[in-house]
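# Results of the structural survey
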Amino acid sequence: MVPLPPVQLPDYEIEELWGIGKECVLESHRVSDDQSTEQLYKYTWKELHNIAVLQHEHLGNVMKYVLRKQFVNSHDELEWMYHQYCRFRFQWMFAYWLFGVSKPCSRNLRRIYLWWQTYSKKKTFCWGTAGCDVQYFASLHRVTEDYWRGKLAKGDETLGIRTVENYFSMCKSLLAWILGRSWGRLKQKKVYLDTLEGVYRELKLEMQGSLIVHEHFWQVAKVQMTRVCKLEETAVNYVNWRIIDSVPYYRLYMASGNPSYLEQIKRFLWRKRMINNWILQEENHWMRQLLSDDLIQLLEFDAKICEDMLHGDSLSAHLSRTIWLYLHSGEQHYMEAVKEIVLECAKARLNFYMSMVL
């Protein structure tokens with residue numbers, strides 16, 4: 001056990017803290033200090049304890065005295081500080097973890113933290129300075145955003161920040177592995193980001209309840225990366241790969257590894273090609289000339305139809321819904337409905353132009 005160092009206090013503070021009368025403070029403990037305007041006395045904590053017990057005649061009386069003093073004292077400042085701690089403990093801990101390391105470690109962490117992320121160069125320029133937007137940095141990753149909101153490890157800021165640290169340790173291992181492959185830059189980036197997204201989805205609930213160690217992160221990352229590569233192989237090329245990453249089957253395969261979802265993706269791409277081939281047929285050339293750009297884009301093979309495009313009463317929303325139903329169900333009557341909508345739109349535009357001429 002390491003003993004506490006001696007304390008130097010004026011006699012009135014000794015009396016205030018322990019109830020030891022000034023007459024009990026021995027002159028032999030006086031400290032000569034020319035720089036101090038007060039008379040200081042040097043005692044070990046054990047000596048002060050023994051004097052206090054003698055002064056109050058019993059240890060219980062010493063404790064009662066201290067408790068009475070604490071009861072009548074104002075604790076507003078301490079309560080305010082505790083309130084601030086409860087309110088900002090995750091933000092303070094995150095800022096210290098992100099910026100409170102040595103310069104070499106800070107450079108390495110910044111490199112991993114920002115690698116292939118979409119971010120504002122203006123905001124990241126002031127990395128680690130007093131004026132930087134720490135909440136913005138937390139928003140760049142879903143794991144750090146969850147920590148910022150106190151959602152990791154049952155709200156334990158210490159276990160939560162260890163989970164964050166282990167997550168980025170996994171990111172470093174994953175990045176080193178990917179950069180060691182002879183892949184193109186686009187593939188490297190997409191494998192990395194899709195793998196991280198898969199890791200987060202797989203461990204989201206587990207991270208909310210407990211600490212996740214590096215080894216667990218890394219094992220899940222290897223499984224997710226294998227599935228991402230299988231999806232890329234199924235897509236055949238990068239254009240197809242970008243098309244399918246918003247399709248539900250993509251996320252379902254990442255979560256389960258069930259090969260039946262790969263077959264669904266192949267059928268999805270085939271149906272998309274069928275729509276594109278139909279509009280490019282020679283007999284449909286007149287329709288292509290009449291359709292608006294937003295409708296033509298929906299019929300092109302590389303067009304992405306996201307879920308937010310399916311809502312509304314516009315022609316593009318109506319066509320998007322019909323195409324979506326065909327791509328995901330394969331029902332031929334939806335394909336016929338697509339053709340009818342396109343034909344009606346083209347005829348309506350043709351009639352409008354003819355009325356303008358007449």
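Quick note: structure is the one above.
Residues numbered from 1 in each chain as written. Predicted model: local features only at pLDDT ≥ 70, side-chain atom pairs only at ≥ 80, totals over all residues. Heavy atoms only, no water.

Right, let's talk about the overall build of the protein chain for a bit. Within the protein chain, the secondary structure is distributed over 18 helices and three strands. Relative to the globule expectation of 21 Å for 358 residues, the C-alpha radius of gyration of the protein chain, 34 Å, shows a markedly less compact shape. Overall size of the protein chain, expressed as C-alpha extent along the three principal axes, is 115 × 50 × 40 Å. Split into buried and exposed, the 358 residues of the protein chain put 39% on the buried side. (Helix = DSSP H or I, 4+ residues; strand = E, 2+ residues; numbered from the N terminus. Rg over C-alpha atoms; globule rule 2.2 N^0.38 Å. Buried < 20%, exposed > 50% of the residue type's maximum accessible area, 1.4 Å probe, protein only.)

Think of an α-helix as turning once every 3.6 residues; residues three or four places apart then point the same way. Roughly 70 degrees is the biggest bend found in helix H4 (residues 76-99), and it falls at Phe-88. Where H4 is buried, its residues touch helix H5 (103-114), helix H7 (134-138), helix H8 (142-148) and helix H9 (157-179). (Bend = angle between axes of the 7 residues up to and from the residue. Contact = heavy atoms within 4.5 Å.)

Within soluble globular proteins, side chains that are nonpolar tend to cluster in buried spots. Among the nonpolar cores identified, the biggest contains 83 residues, and Phe-94, Tyr-113 and Met-170 are the most heavily contacted of them. Ranked by residues supplied to this core, first place goes to H9 with nine residues. Apart from the residues lying within four places of it in its own chain, the contact partners of Met-170 are Leu-196, Val-199, His-214, Phe-217, Trp-218 and Ala-221. Formed by 12 residues, the second largest nonpolar core is a distinct cluster that contains Val-7, Ile-20, Tyr-41 and Ile-51. (Core = buried A, V, L, I, M, F, W, Y, C linked by side-chain atoms within 4.5 Å.)

Taken as a whole and assessed by the stated rule, the structure comprises 20 aromatic pairs. Measuring from centroid to centroid gives 5.3 Å for Phe-99 and Trp-127, while their planes differ by 90 degrees, and the two rings are edge-to-face. A residue pair is termed long-range when its members are at least 10 positions apart, and Phe-99 in helix H4 and Trp-127 in the loop between helix H6 (121-124) and H7 qualify at 28 residues. For Trp-127, a relative accessible area of 10% translates into the label buried. For the pair Tyr-113 and Trp-127, a centre-to-centre distance of 5.9 Å together with 65 degrees between the ring planes defines the contact as edge-to-face. (Phe/Tyr/Trp six-rings, centres within 6.5 Å; stacked < 30°, edge-to-face > 60°.)

Once that is clear, we can look at the pattern of salt bridges. Under the criterion given, the structure shown has 13 salt bridges. For Glu-157, the salt bridge identified is with Arg-89, shortest N-O distance 3.1 Å. In this pair, Glu-157 sits in helix H9 while Arg-89 sits in helix H4, placing the two residues 68 residues apart along the sequence. Here Lys-304 and Asp-245 are joined by a salt bridge, their closest N and O atoms 2.6 Å apart. Of the two residues, Lys-304 sits in the loop between helix H16 (293-299) and helix H17 (315-329) while Asp-245 sits in the loop between helix H12 (238-244) and helix H13 (248-256), which places them 59 residues apart along the sequence. Using a relative accessible area of 30% as the deciding quantity, one classes Lys-304 as partly exposed. Overlapping salt bridges bring together Lys-190, Asp-194, Arg-242, Asp-245 and Lys-304 as one network. (Salt bridge = Lys/Arg side-chain N within 4 Å of Asp/Glu carboxyl O.)

Here we take up the environment of Glu-157. Here Glu-157 falls in the buried class, since its relative accessible area comes to 12%. In the structure, Glu-157 is positioned 10 residues away from Tyr-147 in sequence and 7.9 Å away in space, judged by C-alpha atoms. The contact partners of Glu-157, leaving out residues within four places of it in the chain, are Tyr-85, Arg-89, Phe-90, Met-93 and Tyr-147.

So, about the sheet that holds strand E2 (residues 30-31). On the basis of which strands lie adjacent, the open sheet formed by three strands has the order E1-E3-E2 and antiparallel pairing. Since the sheet does not close on itself, it has two edges, and those belong to strand E1 (7-10) and E2, each with one partner. Inspection of the sheet shows E1 paired to strand E3 (residues 40-43) by four bridges, in the antiparallel sense. Paired with Leu-9 across the bridge in E3 is Tyr-41. In this fold helix H1 (residues 11-18) packs onto E1 and E3, with an angle of close to 100 degrees to the strand it touches most, E1. Its contacts with the sheet place helix H2 (residues 45-56) against E1 and E3, and it is angled at close to 100 degrees to E3. (Pairing = 2+ DSSP bridges. Axes fitted to C-alpha atoms, helices over the stretch in contact; angles between N-to-C directions.)

A cluster of nonpolar side chains, contributed by Trp-286, Leu-343, Leu-350 and Met-354, occupies part of the molecular surface with about 330 Å² of accessible area. In terms of residue count, the dominant contributor to the nonpolar patch is helix H18 (residues 332-357) (three residues). By the element assignment, Leu-350 lies in helix H18. We classify Leu-350 as partly exposed; its relative accessible area is 33%. (Patch = residues over 30% accessible without salt bridge, like charges linked within 9 Å, V, L, I, M, F, W, Y side chains within 5 Å. Areas by Shrake-Rupley, 256 points an atom, 1.4 Å probe, with all protein chains shown as cover.)

A word on the environment of Val-247. Structurally, Val-247 can be placed in the loop between H12 and H13. On a C-alpha basis, the gap between Val-247 and Phe-268 in space is 8.9 Å, while along the polypeptide they are 21 residues apart. The residues touching Val-247, leaving out its near neighbours within four places in the chain, are Phe-268 and His-328.

This brings us to the packing of helix H14 (residues 260-279) against H17. Two elements in contact, H14 and H17, have axes separated by 8 Å at closest approach and are oriented at 135 degrees. Classified by the interaxial angle, the pair formed by H14 and H17 is oblique. Between H14 and H17 the crossing geometry is right-handed. Contacts from Phe-268, Trp-270, Arg-271, Lys-272, Met-274 and Ile-275 of H14 reach H17 at Ile-323, Tyr-326, Leu-327, His-328 and Ser-329. Looking at side-chain class alone, the contact of H14 with H17 contains seven nonpolar, two polar and two charged residues. (Parallel < 35°, antiparallel > 145°, perpendicular 65-115°, else oblique. Left-handed = near helix turned anticlockwise from the far one by under 90°. Nonpolar A, V, L, I, M, F, W, Y, C, P; charged D, E, K, R; others polar.)

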